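Summary of structural features
The chain contents come next:
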Amino acid sequence: DTGVSQNPRHKITKRGQNVTFRCDPISEHNRLYWYRQTLGQGPEFLTYFQNEAQLEKSRLLSDRFSAERPKGSFSTLEIQRTEQGDSAMYLCASTTSSDTPISNTGELFFGEGSRLTV
Amino acid sequence: AQSVTQLGSHVSVSEGALVLLRCNYSSSVPPYLFWYVQYPNQGLQLLLKYTSAATLVKGINGFEAEFKKSETSFHLTKPSAHMSDAAEYFCAVTNNDGQNFVFGPGTRLSVLP
């Protein structure tokens, strides 16, 4: 399978614990995005990387959240001291950057998500 | 700043009936627009995209959408609904460097037998 892979698919944790999610993007994709989705809502942007550089972070991303993409390949999203409000589906998506015309890129490829229950 | 609104959080149609899901966007630059579908317990999949070429865009599974700049709309249609179309549909907008994708709240489509 050469799609976007996310692990674990479901994590149940107690309030105050730390959790980490991993995303393996499509191998040739240099952009990687993290989104959060709650029931009945659309995906909300958290952060994105171009290669290993974290270029943008949403104000939704409190200081308890940290994301890394150390070698420009896989990424991790860590949530420290989890709260009940962190319960959500965490989505990862990847794509290529728009050095080429947008018509050849622009499509986000999503993983199946990691569901967090606190 | 860009934003997307989707009128109707839940739409029900009968099998064989026309499907119309509404999307309006706000963008200060020429937008690139997308429709994604999410089936239960699955990731989001691209249905179709508008990237400043033809204003009428055809996607997978018989869906199409028309970009109307004057109305800032990108409504999704399908002439005849099938039971397998039941899913959550999201409209999204980005700009020409593709850095910031903004999603709408979604519309849940139910197809009645």
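Just above sits the structure.
Residues numbered from 1 in each chain as written. Chains lettered and ligands numbered in written order. Predicted model: local features only at pLDDT ≥ 70, side-chain atom pairs only at ≥ 80, totals over all residues. Heavy atoms only, no water.

Digging into the state of the cysteines
Residues and elements named next belong to chain B.
- All chains considered together, the criterion is met by two disulfides over all chains.
- Paired through a disulfide, Cys23 and Cys91 show a sulfur-sulfur distance of 2.0 Å. Looking down the S-S bond of the Cys23 and Cys91 bridge, the torsion is -65°, so its handedness is left-handed. Here the residue Cys23 occupies a position in the loop between strand E3 (19-21) and strand E4 (24-26), and Cys91 occupies one in strand E10 (residues 87-94), the gap between them amounting to 68 residues. The two residues Cys23 and Cys91 agree in class, both being buried. (Disulfide = S-S within 2.5 Å. Helix = DSSP H or I, 4+ residues; strand = E, 2+ residues; numbered from the N terminus. Buried < 20%, exposed > 50% of the residue type's maximum accessible area, 1.4 Å probe, protein only.)

Overview of the layout of surface pockets
- In this model, the largest pocket occupies a volume close to 460 Å³.
- What lines the largest pocket is a set of 20 residues, among which Arg115 of chain A together with Gln38, Pro40, Asn41 and Arg108 of chain B lie closest to the centre.
- A total of three residues in the lining of the largest pocket trace back to one element, the largest contributor, which is E10 of chain B.
- In the lining of the largest pocket, the residues fall into eight nonpolar, seven polar and five charged. (1 Å grid on protein atoms, 1.4 Å probe; cavity = no way out; pocket = protein on both sides within 12 Å on 5 of 7 lines; lining within 4 Å. Points joined across faces, edges and corners; volume = space filled by probe spheres on them. Nonpolar A, V, L, I, M, F, W, Y, C, P; charged D, E, K, R; others polar.)

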